[in-house]
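# Architecture at a glance
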Amino acid sequence: MSVYDEKTKWTAADSFLCKYHAVEKNYYPDSHAKAMFDHMSKKVQLHTNRKSPLINRGYYARVYGNRLILSEFLKSTEGGPRQLVYFGAGYDSDPLHSYEQAGVNTKVFELDFPEVMQTKFDIYHTKDFAHLCGEDADDIKSSNPAINRLGSFRFIGVDLRNTRLVMDSLSQAGFDPNVPTFFLSECVLVYMPRDAVIALIQE
């Protein structure tokens, strides 16, 4: 992995910390952020310096906007199966919040670098989180070691610049292109080459 990739991977922890500090300051609610922080502190090197009010407000606006759009999606798909896909999911605990809002009959796919997704899966597999991930969704069990399953969640370790591998991995994880799907890419595309971004969006 290149130095650039290592720095990009580091932003997964930094972004979570920004959100965690905003939650601590009551900018918005996230009942899972504290437990996530406690587990991450044991696995990932964290720089716990406090963030400025401007950073906190920026993350509040970002999270509020994401949740507002998700709410509209959930209203429009109420009663039917649906999927939530998070490109560059990092260590964010918001997918758990979203799943709680969506309820049963929902699958969640989180994608990021393999090391990030393995760490997140290990954290979610603890008693603090495992019971929140729903019952095992009915789909094909993949032999791909980069795909971890936990309840209705799928953790996919993949380089998002490799569009074909992304699509193949989603398929192996049980993604259904015929089911209404909410896609979220929170700032990850700015770290990717233009051609890779266009390819991912077009797929």
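In this text the structure is predicted, and so the values were computed from the model without any measurement.

## Some words on the nonpolar core
Formed by 40 residues in total, the largest nonpolar core has its most connected members in M36, M40, L84, Y91, Y124 and F153. Elements that contribute at least two residues to this core include exactly α1 (3-24), α2 (33-43), α3 (53-76), β1 (82-87), α4 (94-102), α5 (114-124), β4 (153-157) and β5 (181-185). Contacts of Y124, omitting those with residues within four sequence positions, involve M36, D92, S93, L96, E110, F129, A130, C133, L150, F153 and F155. Residues F109, I156, V158 and M167 belong to the second largest nonpolar core, which totals 18 residues.

## Remarks on the environment of N105
For N105, the location among the structural elements is in the loop between α4 and β2 (106-112). Remark: the alpha-carbon pair of N105 and G80, spanning 25 residues in sequence, is separated by 7.1 Å. Once you skip the residues sitting within four places of it in the chain, N105 turns out to touch G79, G80, P81 and R82.

## Remarks on the pattern of salt bridges
One pass over the structure, following the stated rule, counts nine salt bridges. The partner of K120 in a salt bridge is E110, and the shortest N-O contact between them spans 2.4 Å. Note that K120 is positioned in helix α5 and E110 in strand β2, a separation of ten residues in sequence. Its relative accessible area of 0% is what places K120 among the buried residues. R164 is the partner of D168 in a salt bridge, and the nearest nitrogen-oxygen pair spans 3.7 Å. With D168 and R164 both in helix α6 (residues 163-172) and four residues apart, the pair spans about one turn of that helix. Each member of the salt-bridge network shares a partner with another, and the members are K19, R62, D92 and E186.

## Things to note about a nonpolar patch on the surface
Nonpolar side chains collect at one region of the surface, where Y60, Y64 and L68 lie side by side and expose about 310 Å² of accessible area between them. Turning to its location among the elements, Y60 is positioned in helix α3.

## As for the packing of α3 against α4
Between α3 and α4, the shortest axis-to-axis distance is 11 Å and the interhelical angle comes to 30°. Relative to α4, the element α3 is oriented roughly parallel. The two elements α3 and α4 cross, and the hand of that crossing is right-handed. Residues V63, R67, L70 and L74 of α3 form the contact with α4, whose own contacting residues are D94, H97, S98, Q101 and A102. Taken together, the residues of the contact of α3 with α4 break down into four nonpolar, three polar and two charged.

## Regarding the sheet that holds β1
With mixed pairing, the five strands of this open sheet are ordered in space as β3-β4-β2-β1-β5. Of all strands in the sheet, those with a lone pairing partner are β3 (147-150) and β5, marking the two edges. Strand-to-strand twist across the sheet, computed as the mean angle between neighbouring axes with direction ignored, equals 15°. Pairing geometry for β3 and β4, over four bridges, is antiparallel. Bridge pairing links N148 to F155 in β4. Strand contacts of α3: β1 and β5, with the helix running at about 170° to β5, the strand carrying the most contacts.

Cut-off values and rules
- Residues numbered from 1 in each chain as written.
- Predicted model: local features only at pLDDT ≥ 70, side-chain atom pairs only at ≥ 80, totals over all residues.
- Heavy atoms only, no water.
- Core = buried A, V, L, I, M, F, W, Y, C linked by side-chain atoms within 4.5 Å.
- Buried < 20%, exposed > 50% of the residue type's maximum accessible area, 1.4 Å probe, protein only.
- Helix = DSSP H or I, 4+ residues; strand = E, 2+ residues; numbered from the N terminus.
- Contact = heavy atoms within 4.5 Å.
- Salt bridge = Lys/Arg side-chain N within 4 Å of Asp/Glu carboxyl O.
- Patch = residues over 30% accessible without salt bridge, like charges linked within 9 Å, V, L, I, M, F, W, Y side chains within 5 Å.
- Areas by Shrake-Rupley, 256 points an atom, 1.4 Å probe, with all protein chains shown as cover.
- Axes fitted to C-alpha atoms, helices over the stretch in contact; angles between N-to-C directions.
- Parallel < 35°, antiparallel > 145°, perpendicular 65-115°, else oblique.
- Left-handed = near helix turned anticlockwise from the far one by under 90°.
- Nonpolar A, V, L, I, M, F, W, Y, C, P; charged D, E, K, R; others polar.
- Pairing = 2+ DSSP bridges.

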